[in-house]
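# Residue-level structural notes
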Amino acid sequence: MKAFVLDRYGKKAALRPADMPMPTLRDDEVLVEVHAAGVNLLDAKIRNGEFKLILPYRLPLVLGHDVAGVVAKVGPRVRQYKPGDEVYARADDFRIGTFAEFVAVQEASLAPKPRGLSMEEAASIPLVALTAWQALVEKAGLKKGQKVFIQAGSGGVGTFAIQLAKHLGATVATTTSATNAALVKRLGADVVIDYRTQDFEDLLRDCDVVLNSQDGKTLEKSLRVLKRGGKLITISGPPDPEFGKQIGAPGFVKLVMRLLSAGIRRRAKSRGVGFSFLFMSANGSQLREITRLFEAGAARPVVDRVFPFDATNEALAYVEAGRAKGKVVVKLK
């Protein structure tokens, strides 16, 4: 099968187009013929070697986390899917590889593709929507009437997180450029802050939840816009000891995580604020809940550009440049 392969870690390292063997199918897995694959910043970070401690992949590696496609074959223990079914998923850690013609995905990580969406639209959803769901629903328990600050509202996670927060009944503040202000307002943002000319710390206070996706300086400032009892959830680091436990990291990796997050955890505690790091995980049952939002019209996909499969490296570079409004997708079929 055709695939894009990472041979060695390195910033700006090009993925190599290659013919690879078909994935071996485990008993609880589904072989998906890939029609479209979402491109995420996570793919670039893995390529750059930023997650070597957390995700020690063996190279060569086929990258790609998001998939929409058609079931080609099922393992003997699979019960919910059959060949020909249209599905989508965030591929499992250590079983990623959606920048290819076929990928094997655990049955528990799959969901039926939302009705009424194209394969490209469906492929844009899983990783960012599951990130927002696990942050706002699972970790934050966001409730009607609460105030949430979602950074980078026009990005992949932001565009869905705004819609999810509004669906949950929250008041939503976000940062974006003036160019994208109309987009985030259409998605449901109540307070739109131009990060180029305004400082969110001057405009926000008493937030219940902050979803941080930016740098360390922004993380520190985020503490100061939360009320006591509020929750600061970061998807951009630093990882905390709880995450080390969750992934069963070796002792020295847990120690590194403890040290990296010690300062921000201490400052959060002194302000009476909860701090946690989220590295999202594949989850088919949550994806089914998300599917219902799209099918009911409570959310819509935001796709910036669709690249042909041959241009996967260009798609990755475009995502890494940080200017995409919503998601970038590569199309195979």
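Just so you know, these numbers come straight off a predicted model, no measurement behind them. (Residues numbered from 1 in each chain as written. Predicted model: local features only at pLDDT ≥ 70, side-chain atom pairs only at ≥ 80, totals over all residues. Heavy atoms only, no water.)

## What about empty space enclosed by the protein?
Tallied over the entire structure, the rule returns one cavity of 30 Å³ or more. Considered as a void within the structure, the largest cavity measures approximately 80 Å³ in volume. Elements supplying a minimum of two residues to the lining of the largest cavity: helix 3 (126–139) and helix 4 (156–167). In terms of residue count, helix 4 provides more of the lining of the largest cavity than any other element does, four residues in total. Grouping the amino acids of the lining of the largest cavity by side-chain chemistry returns seven nonpolar, four polar and two charged. (1 Å grid on protein atoms, 1.4 Å probe; cavity = no way out; pocket = protein on both sides within 12 Å on 5 of 7 lines; lining within 4 Å. Points joined across faces, edges and corners; volume = space filled by probe spheres on them. Helix = DSSP H or I, 4+ residues; strand = E, 2+ residues; numbered from the N terminus. Nonpolar A, V, L, I, M, F, W, Y, C, P; charged D, E, K, R; others polar.)

## With respect to the packing of helix 7 (residues 216–223) against helix 9 (residues 251–270)
At a closest axis distance of 10 Å, the pairing of helix 7 and helix 9 adopts a crossing angle of 15 degrees. On the basis of their axis angle, the class for helix 7 and helix 9 is roughly parallel. Here the hand of the crossing between helix 7 and helix 9 comes out right-handed. Contact with helix 7, carried on its side by Leu219, Glu220 and Leu223, involves Ile264, Arg267 and Ala268 of helix 9 and no other residues of that element. Taken together, the residues that form the contact of helix 7 with helix 9 break down as four nonpolar, no polar and two charged. (Axes fitted to C-alpha atoms, helices over the stretch in contact; angles between N-to-C directions. Parallel < 35°, antiparallel > 145°, perpendicular 65-115°, else oblique. Left-handed = near helix turned anticlockwise from the far one by under 90°. Contact = heavy atoms within 4.5 Å.)

## What about the sheet that holds strand 10 (residues 171–176)?
Paired through backbone hydrogen bonds, the strands of a sheet run either parallel or antiparallel to each other. Ordered by their spatial adjacency, six strands build an open sheet running 11-10-9-12-13-14, and the pairing between neighbours is parallel. Only two strands of the sheet have a single partner each, and these edge strands are strand 11 (191–194) and strand 14 (274–277). Strand-to-strand twist in this sheet, taken as the mean axis angle between neighbours without regard to direction, amounts to 15 degrees. Bridge count between strand 12 (residues 207–212) and strand 13 (residues 226–234): five bridges; the pairing is parallel. In the sheet register, Leu211 faces strand 13, and the bridge partner there is Ile233. Each of strand 9 (147–150), strand 10 and strand 12 touches helix 4; the most contacted strand, strand 9, lies at about 170 degrees to it. Lying on the sheet, helix 7 is in contact with strand 12, strand 13 and strand 14; it crosses strand 13 at an angle near 155 degrees. (Pairing = 2+ DSSP bridges.)

## Regarding the nonpolar core
In this structure, Ile46, Phe99, Leu136, Val148, Ile150, Phe160 and Ile290 are the most contacted members of the largest nonpolar core, which totals 89 residues. Among the elements that take part in this core, helix 3 stands out by supplying eight residues, more than any other. The residue makeup of this core includes at least three contributed by each of domain 1 (2–126 + 283–331) and domain 2 (140–277). Among all residues touching Ile46, those that are not within four sequence positions of it are Leu6, Tyr9, Phe51, Leu55, Tyr57, Leu61, Leu63, His65 and Ile96. In terms of nonpolar packing, the next biggest core, distinct from the first, is built from 16 residues, Phe149, Leu219, Val273 and Phe275 among them. (Core = buried A, V, L, I, M, F, W, Y, C linked by side-chain atoms within 4.5 Å. Buried < 20%, exposed > 50% of the residue type's maximum accessible area, 1.4 Å probe, protein only. Domains from an automatic or database assignment.)

## Details of the sheet that holds strand 1 (residues 2–6)
The sheet built from three strands is open, its strands ordered 2-1-4 with antiparallel pairing. Each edge of the open sheet carries a strand with a single partner, namely strand 2 (16–19) and strand 4 (61–62). Strand direction decides the pairing type here: strand 1 and strand 4, joined by two bridges, are antiparallel. The residue of strand 4 that forms the bridge with Val5 is Val62.

## Structural notes on a nonpolar patch on the surface
The grouping of Leu53, Phe252, Val256 and Leu260 at the surface amounts to a nonpolar patch, some 380 Å² of accessible area in total. Structurally, the position occupied by Leu260 is in helix 9. (Patch = residues over 30% accessible without salt bridge, like charges linked within 9 Å, V, L, I, M, F, W, Y side chains within 5 Å. Areas by Shrake-Rupley, 256 points an atom, 1.4 Å probe, with all protein chains shown as cover. Salt bridge = Lys/Arg side-chain N within 4 Å of Asp/Glu carboxyl O.)

## Things to note about the pattern of salt bridges
One pass over the full model with this rule turns up 18 salt bridges. Where Lys12 meets Glu320, a salt bridge forms, and the shortest distance between an N and an O atom there is 3.8 Å. One end of the pair, Lys12, is in the loop between strand 1 and strand 2; the other, Glu320, is in helix 11 (residues 312–320), with 308 residues separating them in the sequence. Judged by relative accessible area, which is 65%, Lys12 ranks as exposed. The exposure class assigned to Glu320 is partly exposed, which follows from its relative accessible area of 23%. Linking Lys82 and Asp85 is a salt bridge whose minimum nitrogen-to-oxygen distance equals 3.0 Å. For Lys82, a relative accessible area of 52% puts it in the exposed group. By relative accessible area, Asp85 is classed as buried at 18%. Taken together, the shared-partner salt bridges connect Lys12, Arg47 and Glu320 into one network.

Shape descriptors only; they carry no functional weight alone.
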